[in-house]
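Below, each chain spelled out in residue letters.
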Amino acid sequence: MLAKLNAIETVVLNGCRVVLRTVCCHFRSESPRAMATTRSSILSFALMAVCAALTGCGAAGGAGSLKTFQDCDVCPPMVEIAPGSFLMGAEGGEEGRPEGPVHRVSITRPFALASTETTLAAFRLFVSDSGYEPAEECRTLVDGSWQNSERHSWREPGATIEYDDDSPVVCVSWRDAVAYTEWLSRRSGVAYRLPSEAEWEYAARGGSNGIFFWGDDAADGCRFANLYDRSAAPSLGFRWDEAPCSDGYVTLAPVGALAPNPFGLYDMLGNVWEWTADCYIAPYPEVADPQRPITSDSKSCERRSVRGGGWITRPDRQRLTFRGRDPEQRRMSYFGFRVARSL
Ligand SMILES: [Ca+2]
């Protein structure tokens, strides 16, 4: 049986681009001859149709084929992102958190972004294979309150947190995420990295001009994003408002459990905040190349840009333009990452 890491594939059915997941890929691996007239072909087609429906044919939208690939057996499925331009940022924002100025960004070179956030299973493999030792600490929910705990870590982010091998890894710092990309580069022979903040927003938008990639109403988001929502609020009772819908997850959702954005990327909003390569600078500075990370004059940045919101996040901070900013050594039970690479 194919591992889930290998189990994302894209096909076009009736002109509609769909992303097929585990069981679909298993059946697509059968030989064409065997598929031709046998009962399995009928079953395969039925399963593909079911999977197409479940994965939101039409939700992905757009025309053309989605190009995906995988560089190595321990590498994540990657989605090719074509060049283009977009308006990055928003005017205004919360006090002390400018999201502008709005500026046109041109992505001139294709790049690839992992279709999902890095999973706990993938990170565990990295740690065991590389000998890298992330610090055993995490800011997480302990007995109903947020605490900096040395009893919790990426291995065990807390009793309140629902997680398994398919969950996004959390309690990882920016430095841990970079160490993972360096290991993945050694294993694959290809230079993996974190996305720049501009690449992240371009990919997250997926061509959308909305507040969210699904539109302007947070209430429509539960099909696409694991938010702080009506599934979570009764148990967690945070002091901020929940999204007026139910995504089915109180804390972490397995990666790829909800519908993708128009570029075929899962969980670009919600589930976990994602570290980017960039130093956080606000307002946005002028940069010569938005696909190169924004760095600091000193050896490390005071804070890194972290994007996309997470399972704890109130709806208005799930906006595509909202910018998190945190020290690169910080570990939280709602911070993770996904990898990128140049093409
Ligand atoms: Ca949720």
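Colleague: Before we go on, may I ask you to explain the overall build of the protein in this structure?
Modeller: Secondary structure summary: the protein contains seven helices and 15 strands in total. For the protein, with 343 residues in total, the buried portion stands at 45%. Of the contacts formed within the protein by residues at least 6 apart in sequence, a portion of 69% connects residues at least 24 apart.

Colleague: What exactly am I supposed to notice about the nonpolar core here?
Modeller: Among soluble globular proteins, nonpolar side chains are generally buried collectively. In terms of nonpolar packing, the biggest core is built from 70 residues, with L113, V170, V172, A203 and F335 touching the most fellow members. Breaking this core down by element, the ones donating at least two residues are β4 (78-81), β7 (111-114), α4 (120-130), α5 (174-188), α6 (197-205) and β11 (273-279). When near neighbours in sequence (up to four residues on either side) are disregarded, L113 contacts M78, V79, I81, P195, A203, L265, R338 and A340.

Colleague: Is there a simple way to think about the environment of Q147 in this case?
Modeller: Here Q147 is to be found in strand β9 (residues 145-149). Each C-alpha atom, one on Q147 and one on M332, is 9.9 Å from the other, the two residues being 185 residues apart in sequence.

Colleague: Is there a simple way to think about the environment of V255 in this case?
Modeller: Relative to the helices and strands, V255 resides in the loop between α7 (233-236) and β11. Residue classification places V255 among the buried residues on the basis of 27 C-beta atoms within 10 Å. When the C-alpha atoms of V255 and T116 are compared, they prove to be 5.9 Å apart, with 139 residues separating the residues in sequence. Apart from the residues within four sequence positions on either side, V255 is in contact with T116, E117, T119, D166, P168, Y266 and D267.

Colleague: Looking at this structure, how should I read the pairing of β7?
Modeller: Across a regular strand the side chains alternate sides, sitting on one face of the sheet and then on the other. Neither face of β7 is exposed, since F111 and L113 on one face and A112 and A114 on the opposite face are all buried. As paired elements, β4 and β7 share four bridges and run antiparallel to each other. Considered in β7, the bridge of V79 is made with L113. Taken together, the three bridges between β7 and strand β15 (residues 340-342) define a ladder with antiparallel strand orientation. Paired with L113 across the bridge in β15 is A340.

Colleague: How should I be thinking about the sheet that holds strand β13 (residues 324-326) in this particular structure?
Modeller: Overall, mixed pairing links the four strands, which are arranged β13-β12-β11-β14 in an open sheet. The open sheet is flanked by β13 and β14 (335-336), the only strands paired with a single partner. By the bridge criterion, three bridges tie strand β12 (residues 304-307) to β13 in an arrangement that is antiparallel. Bridge assignment links S305 to a residue of β13, and that residue is R325. Along the sheet, α6 contacts β11 and β12; its crossing angle with β11, the most-contacted strand, is approximately 140 degrees.

Colleague: Just to check I follow, could you spell out the pairing of β9 for this structure?
Modeller: Where strand β8 (residues 138-142) and β9 come together, five bridges link them in antiparallel fashion. If you follow V142 over to β9, its bridge partner there is S145. In sequence, β8 turns back onto β9 through a hairpin of two residues, with D143 there showing a positive phi of about 50 degrees.

Colleague: I tried to follow the sheet that holds β4 on my own but got confused; where do I start?
Modeller: Strands belonging to one sheet form pairs held by backbone hydrogen bonds; the direction of such a pair is parallel or antiparallel. Judged by pairing direction, the sheet is antiparallel, and its five strands sit side by side in the order β3-β4-β7-β15-β10 without closing on themselves. Every other strand in the sheet has two partners, leaving β3 (68-69) and β10 (192-193) as the edge strands with one partner each.

Colleague: Which parts of the structure should I look at to understand unusual backbone geometry?
Modeller: Each neighbour pair has its own omega, and for G100 with P101 the value is 0 degrees, a cis peptide bond. Tracing the backbone through its elements, the reader meets P101 in the loop between β5 (84-88) and β6 (103-107). At the junction of A282 and P283, the peptide bond is cis and its omega measures out at -5 degrees in the coordinates. Topologically, P283 is positioned in the loop between β11 and β12. In this structure, D143 takes a positive phi of about 50 degrees despite not being glycine. Residue placement: D143 occurs in the loop between β8 and β9. One non-glycine residue, N271, adopts positive backbone phi at about 70 degrees. Among the secondary structure elements, N271 is positioned in the loop between α7 and β11.

Colleague: It is not clear to me how α4 should be interpreted in this structure. Could you clarify?
Modeller: Because each turn of an α-helix spans 3.6 residues, side chains separated by three or four positions in sequence point in the same direction. For α4, every residue scored as buried is listed here: L120, A122, F123 and F126. In a view along the axis of α4, the buried residues occupy a sector of 165 degrees, so they form one face of it. More than 90 degrees from the buried face of α4, the exposed residues found are S128 and D129. Against α5 lie the buried residues of α4.

Colleague: What's the story with α6 in this structure? I'm lost.
Modeller: Of all nine residues making up α6, nine are buried, and the element is well covered by its neighbours. Taken from the residues just after α6, G206 is the one with a positive phi, measuring 60 degrees.

Cut-offs and rules
Residues numbered from 1 in each chain as written. Predicted model: local features only at pLDDT ≥ 70, side-chain atom pairs only at ≥ 80, totals over all residues. Helix = DSSP H or I, 4+ residues; strand = E, 2+ residues; numbered from the N terminus. Buried ≥ 20, exposed ≤ 12 C-beta atoms within 10 Å, placed from the backbone. Contact = placed C-beta atoms within 7 Å. Core = buried A, V, L, I, M, F, W, Y, C linked by C-beta atoms within 7 Å. Pairing = 2+ DSSP bridges. Axes fitted to C-alpha atoms, helices over the stretch in contact; angles between N-to-C directions. Arc of directions from axis to C-beta.

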